[in-house]
Amino acid sequence: MKRLISRTAMGLAATALIAGSLAGTAQAAPAAAANSGDPTLTDVYIWATDVNLRQQPTTDSPRLAVRSKWWADAVCQTQGQTVHDPAVGTNNWWTAVMEFSGSDIAWVNNLYIRGGAKIAGVPDC
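Scoring rules and cut-offs
Residues numbered from 1 in each chain as written. Predicted model: local features only at pLDDT ≥ 70, side-chain atom pairs only at ≥ 80, totals over all residues. Heavy atoms only, no water. Helix = DSSP H or I, 4+ residues; strand = E, 2+ residues; numbered from the N terminus. Buried < 20%, exposed > 50% of the residue type's maximum accessible area, 1.4 Å probe, protein only. Pairing = 2+ DSSP bridges. Polar contact = N/O pair within 3.5 Å; in protein donor to acceptor, adjacent residues only side chain to side chain. Contact = heavy atoms within 4.5 Å. Phe/Tyr/Trp six-rings, centres within 6.5 Å; stacked < 30°, edge-to-face > 60°. Salt bridge = Lys/Arg side-chain N within 4 Å of Asp/Glu carboxyl O.

- By the naming in an unreviewed UniProt entry, the protein chain is Peptidase M23, taken from Streptomyces violaceus.

Set out below in structure tokens:
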């Protein structure tokens, strides 16, 4: 009887460990989207919706695309036109991003990129 209880307890412990591992894996899965681009570039996340990607780091520059909640490869960042968004703040740092390695470069104001006024890990242009 002691053997049966011991084996049952070990079986339950092993099941709990496996279930815990699977739960940890399921939570980590969304981060994998961040690593789908060029591994030599820093991945950045545009957290806002309907963000304009511009030809140059200024709002007067032509809009190349509009993205929402989107991962991109950051090439570099530089100071450009100051952007003021009453809901978010003010910033003059812009990041050059690519949708995937080798694609065209577009500029996004750092207000809309997770990481703050100047994004850590993204070199200056």
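Some points on unusual backbone geometry
For step 1, the next point in the chain: Here the phi dihedral of Asp50 falls at roughly 55°; this positive angle occurs in a residue that is not glycine.
For step 2, the next point in the chain: You can see Asp50 is positioned in the loop between strand 1 (42-46) and strand 2 (51-54).
For step 3, the next point in the chain: Note on Asp50: relative accessible area 58%, which makes it exposed.

Some points on the pairing of strand 5 (residues 89-98)
For step 1, the next point in the chain: Counting buried residues in strand 5 gives eight out of 10 residues, a clear majority hidden from the surface.
For step 2, the next point in the chain: As defined by bridge partners, strand 4 (residues 70-85) adjoins strand 5 across nine bridges and the pair is classed as antiparallel. Paired with Asp73 across the bridge in strand 5 is Met98.
For step 3, the next point in the chain: Counted along the chain from strand 4 to the antiparallel partner strand 5, the turn is three residues long.
For step 4, the next point in the chain: Note that strand 5 and strand 6 (residues 105-109) share five bridges and pair antiparallel. Looking at strand 6, one finds that Trp94 is bridged to Asn109.

Points about the side chain of Thr95
For step 1, the next point in the chain: As for its placement among the helices and strands, Thr95 is situated in strand 5.
For step 2, the next point in the chain: The class for Thr95 is buried, based on a relative accessible area of 0%.
For step 3, the next point in the chain: Of note is the side chain of Thr95, whose polar atom sits 2.6 Å from the side chain of Asn110.
For step 4, the next point in the chain: In this structure Thr95 touches Ala74, Cys76, Gln77, Ala106, Trp107, Val108, Asn110, Ile113, Ile119 and Val122, once residues within four positions along its chain are discounted.

Some thoughts on the packing of aromatic side chains
For step 1, the next point in the chain: Taken as a whole, this structure holds two aromatic pairs when the rule is applied.
For step 2, the next point in the chain: Taking 5.0 Å as the distance between ring centres and 50° as the angle between the ring planes, the aromatic pair formed by Tyr45 and Trp71 counts as tilted. A residue pair is termed long-range when its members are at least 10 positions apart, and Tyr45 in strand 1 and Trp71 in strand 4 qualify at 26 residues.
For step 3, the next point in the chain: In this structure Trp71 comes out as partly exposed when scored by relative accessible area, which is 28%.
For step 4, the next point in the chain: The interplanar angle of 35° and the centroid separation of 6.4 Å between the aromatic rings of Trp47 and Tyr112 together place this pair among those described as tilted. On the criterion of sequence distance, the pair formed by Trp47 in the loop between strand 1 and strand 2 and Tyr112 in the segment after strand 6 is long-range, its members being 65 residues apart.
For step 5, the next point in the chain: Judged by relative accessible area, Trp47 falls into the partly exposed class, the value being 35%.

What to know about the environment of Ala106
For step 1, the next point in the chain: In this fold, Ala106 is placed in strand 6.
For step 2, the next point in the chain: For the pair Ala106 and Arg54, spaced 52 residues apart in the sequence, the C-alpha separation amounts to 5.3 Å.
For step 3, the next point in the chain: Filtering out sequence-adjacent residues up to four positions away, Ala106 remains in contact with Leu53, Arg54, Leu64, Thr95, Ala96 and Val97.

With respect to the pattern of salt bridges
For step 1, the next point in the chain: Applying the stated criterion across every chain yields a total of two salt bridges.
For step 2, the next point in the chain: Where Asp124 meets Lys118, a salt bridge forms, and the shortest distance between an N and an O atom there is 3.1 Å.
For step 3, the next point in the chain: By relative accessible area, which is 45% here, Asp124 ends up partly exposed.
For step 4, the next point in the chain: Classification of Lys118 as partly exposed rests on a relative accessible area of 39%.

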